[in-house]
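One-letter residues, chain by chain:
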Amino acid sequence: MESNASQDELIIQQHREIEREISDTIKLIGEKENLSTLKNEYINDPVYQKKILDLCNKYENIRRTRPDGNCFFRAFGFAYLEHLLDKKDQYERFRELAEKSKDQLIALRFPKFTLEDFHDVFMEVVNAVGEGGEERMSELYRMFNEQGYSDYVVVYLRLIASAHLQEKAEFYQNFIEGNRTVIDFCHQEVEPMYKESDHIHIIALSSALDVGIRVRYMDRGDGSEVIAHDFPEGTAPRVHLLYRPGHYDILYEKNPSS
Amino acid sequence: MAGSALRRLMAEYKQLTINPPEGIIAGPVNEENFFEWEALITGPEGTCFEGGIFPTKLVFPPDYPLSPPKMQFMCEMFHPNIYADGRVCISILHAPGDDPMGYESSAERWSPVQSVEKILLSVVSMLAEPNDESGANVDAAKMWRENREEFNKIAERIVRKTLGIPAVTQV
């Protein structure tokens with residue numbers, strides 16, 4: 001059994017290394033591309049071709065993210081901060097909320113000592129969006145492609161989502177399968193890096209920050225339309241994401257509303 | 001990326017120096033390389049490992065604290081959750097999903113807000129209360145369950161060895 005466990009550990013490690021090698025070739029946050037580039041990916045696929053056509057009626061651009069299990073949080077973080085670049089009021093509201101979130105997390109017994117580092121880096125990125133002039137966009141892009149900043153933003157967003165789930169544990173318990181408590185779920189599925197996101201992560205983050213997210217689901221389901229889900233339900237979307245099984249990218253509307 | 005890991009490790013080292021947990025001394029082997037630490041752990045009171053001083057080594061990955069360090073005992077050890085080569089096998093040293101031992105779902109896992117201190121305290125509890133369900137050392141797990149007296153004898157011999165005291169000769 002001992003050698004088996006060792007063997008298993010080696011296999012897991014190897015598996016993870018291969019995954020990393022593949023994903024490392026893709027930028028954490030890519031350049032804005034024309035949405036029509038998606039067509040080339042599914043040339044012989046009539047189902048997806050139809051859906052891409054539908055998507056192209058509504059959206060202009062796509063920005064790809066690295067498929068490393070953090071894509072939802074990273075895509076959201078980048079897209080929302082980018083959205084805030086020219087929206088002073090919304091930016092101020094968010095900055096204040098982000099600033100205060102630290103005390104909220106400490107009140108939920110997150111360890112202050114390790115939390116502070118993540119909060120500081122998160123605020124550094126948020127502040128970079130508020131300050132400075134023309135270069136803010138390229139600065140945001142640079143920070144999100146620098147692992148030290150980008151991953152810390154992901155960690156902090158995960159903590160915010162976790163805190164929200166814990167605060168409303170009684171409600172969210174209904175959505176958690178198996179015999180896990182909300183806290184177990186947060187420790188195992190929300191806080192650790194590289195763990196993929198599900199509906200519950202999206203509901204938690206969008207509710208915690210009070211920021212609407214529209215996810216467009218592109219899968220093999222019937223119909224030619226790419227179905228939209230808004231989180232939290234009924235909120236005006238500020239961030240649009242494209243979901244293809246297992247992965248989120250950022251979408252840009254044709255005629256963006258504010 | 002290694003920049004943020006270094007910053008964090010330096011902060012943790014400082015914290016552990018100013019405010020060390022009881023019975024634990026930890027820090028980089030040499031200050032040129034913060035990614036390799038040595039920790040001395042005192043066997044918890046009232047257990048068969050009481051009085052022992054156990055040298056261990058922690059190796060941190062470049063993306064620490066996103067991923068956990070690895071930990072190994074550098075002395076002879078006989079314990080259900082420690083492999084024969086000294087590697088420690090407890091849930092907090094694994095990210096969820098990366099657990100060959102299949103820990104209980106409520107067991108504490110690694111996440112970026114955990115710390116070296118939390119790991120070391122978990123190791124102290126592990127010494128006090130082995131988890132014989134996840135047998136990294138099957139013989140030790142079996143003996144812990146079935147022949148505690150014999151297990152305690154081996155532990156006592158190991159404790160003496162860590163202190164450089166010769167084993168008691170049986171009368």
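Residues numbered from 1 in each chain as written. Chains lettered and ligands numbered in written order. Predicted model: local features only at pLDDT ≥ 70, side-chain atom pairs only at ≥ 80, totals over all residues. Heavy atoms only, no water.

## Some details on the overall build of chain A
Across its full length, chain A carries 11 helices and six strands. In terms of principal-axis extent, the alpha carbons of chain A reach across some 55 × 50 × 35 Å. Considering only contacts in chain A between residues 6 or more positions apart, those separated by 24 or more positions represent 73%. Taken together, the 32 basic and 47 acidic charged side chains of chain A have centroids lying 4 Å from each other. (Helix = DSSP H or I, 4+ residues; strand = E, 2+ residues; numbered from the N terminus. Contact = heavy atoms within 4.5 Å. Lys, Arg positive; Asp, Glu negative; His and termini not counted. Charge placed at Lys NZ, Arg CZ, Asp CG, Glu CD.)

## Some thoughts on the pattern of salt bridges
Across all of its chains, the model carries 28 salt bridges over all chains by this definition. The closest approach of N and O atoms between Lys58(A) and Asp54(A), which form a salt bridge, is 2.7 Å. With Lys58(A) and Asp54(A) both in helix H3 (residues 46–58) and four residues apart, the pair spans about one turn of that helix. Relative accessible area serves as the criterion here: at 28%, Lys58(A) is assigned to the partly exposed category. For Asp54(A), a relative accessible area of 13% puts it in the buried group. One salt bridge in this structure joins Asp117(A) and Arg7(B), with 3.2 Å as the shortest N-O distance. With one member in each of two chains, Asp117(A) in helix H6 (residues 112–130) and Arg7(B) in helix H1 (residues 2–18) form a pair that bridges those chains. Residue classification places Asp117(A) among the buried positions, given a relative accessible area of 15%. The partly exposed category is assigned to Arg7(B), whose relative accessible area is 38%. (Salt bridge = Lys/Arg side-chain N within 4 Å of Asp/Glu carboxyl O. Buried < 20%, exposed > 50% of the residue type's maximum accessible area, 1.4 Å probe, protein only.)

## A look at the packing of helix H4 (residues 71–84) of chain A against helix H11 (residues 199–209) of chain A
Residues and elements named next belong to chain A. For the pair H4 and H11, the least separation of the axes is 11 Å and the interaxial angle reads 30 degrees. Overall, the two elements H4 and H11 adopt an arrangement that is roughly parallel. Crossing geometry of H4 relative to H11 is assigned as right-handed. Contacts between H4 and H11 involve Phe-72, Phe-73 and Phe-76 on the former and, on the latter, His-201, Ile-202, Leu-205 and Leu-209. Taken together, the residues of the contact of H4 with H11 break down into six nonpolar, one polar and no charged. (Axes fitted to C-alpha atoms, helices over the stretch in contact; angles between N-to-C directions. Parallel < 35°, antiparallel > 145°, perpendicular 65-115°, else oblique. Left-handed = near helix turned anticlockwise from the far one by under 90°. Nonpolar A, V, L, I, M, F, W, Y, C, P; charged D, E, K, R; others polar.)

## Brief notes about the UniProt feature "site: Interacts with free ubiquitin" (unreviewed entry) in chain A
Residue and element names in this part refer to chain A. The UniProt entry lists Ile-203, Tyr-217, Asp-219, Tyr-243 and Tyr-248 under the feature "site: Interacts with free ubiquitin" (unreviewed entry), expressed in the numbering used here. Among the secondary structure elements, Asp-219 is positioned in the loop between strand E3 (212–217) and strand E4 (227–231). Among the structural elements, Tyr-243 can be located in strand E5 (residues 237–244). Discounting chain neighbours no more than four positions away, the residues touching Tyr-243 are Val-215, Arg-216, Tyr-217, Met-218 and Tyr-248. (UniProt positions renumbered as here; feature names shortened; annotations may be inferred.)

## A look at the side chain of Arg158(A)
Residue and element names in this part refer to chain A. As for its position among the elements, Arg-158 is in helix H8 (residues 147–167). In this structure Arg-158 is buried but unpaired, with Asp-68 as the nearest side chain of opposite charge at 7.0 Å. One polar contact links Arg-158 to Asn-70, side chain to side chain, over a distance of 2.8 Å. With residues up to four places along the chain from it excluded, the contact list for Arg-158 reads Gly-69, Asn-70, Phe-73, Glu-189, Val-190, Glu-191, Pro-192, Met-193, Tyr-194 and Lys-195. (Polar contact = N/O pair within 3.5 Å; in protein donor to acceptor, adjacent residues only side chain to side chain.)

## A few points about the confidence of the model for chain B
In low-pLDDT segments, the atomic positions of the prediction should not be examined closely. Put simply, chain B has an average pLDDT of 90, and 89% of its residues get 70 or more. Within chain B, the lowest mean pLDDT, 92, falls on H1(B), and the highest, 97, falls on strand E3 (residues 53–59) of chain B. (pLDDT = per-residue confidence, 0-100.)

## So, the confidence of the model for chain A
Chain-level pLDDT for chain A is 92 on average; 97% of the residues reach the 70-or-more range. Per-element mean pLDDT across chain A ranges from 73 in helix H1 (residues 2–24) of chain A up to 98 in H4(A).

## Comments concerning the environment of Asn57(A)
Residues and elements named next belong to chain A. Turning to its location among the elements, Asn-57 is positioned in helix H3. Since its relative accessible area comes to 60%, Asn-57 is described here as exposed. As for Asn-57 and Leu-209, which are separated by 152 residues in sequence, their C-alpha atoms are 29 Å apart.

## Topic: the sheet that holds strand E1 (residues 24–30) of chain B
Residues and elements named next belong to chain B. Taken in spatial order, the four strands make up an open sheet running E1-E2-E3-E4, and their pairing is antiparallel. Whereas interior strands pair on both sides, the edge strands pair on one side only; in this sheet they are E1 and strand E4 (70–73). Averaged over all pairs of adjacent strands, the angle between their axes in this sheet comes to 25 degrees, without regard to strand direction. As paired strands, E1 and strand E2 (residues 33–42) are joined by six bridges and run antiparallel to one another. (Pairing = 2+ DSSP bridges.)

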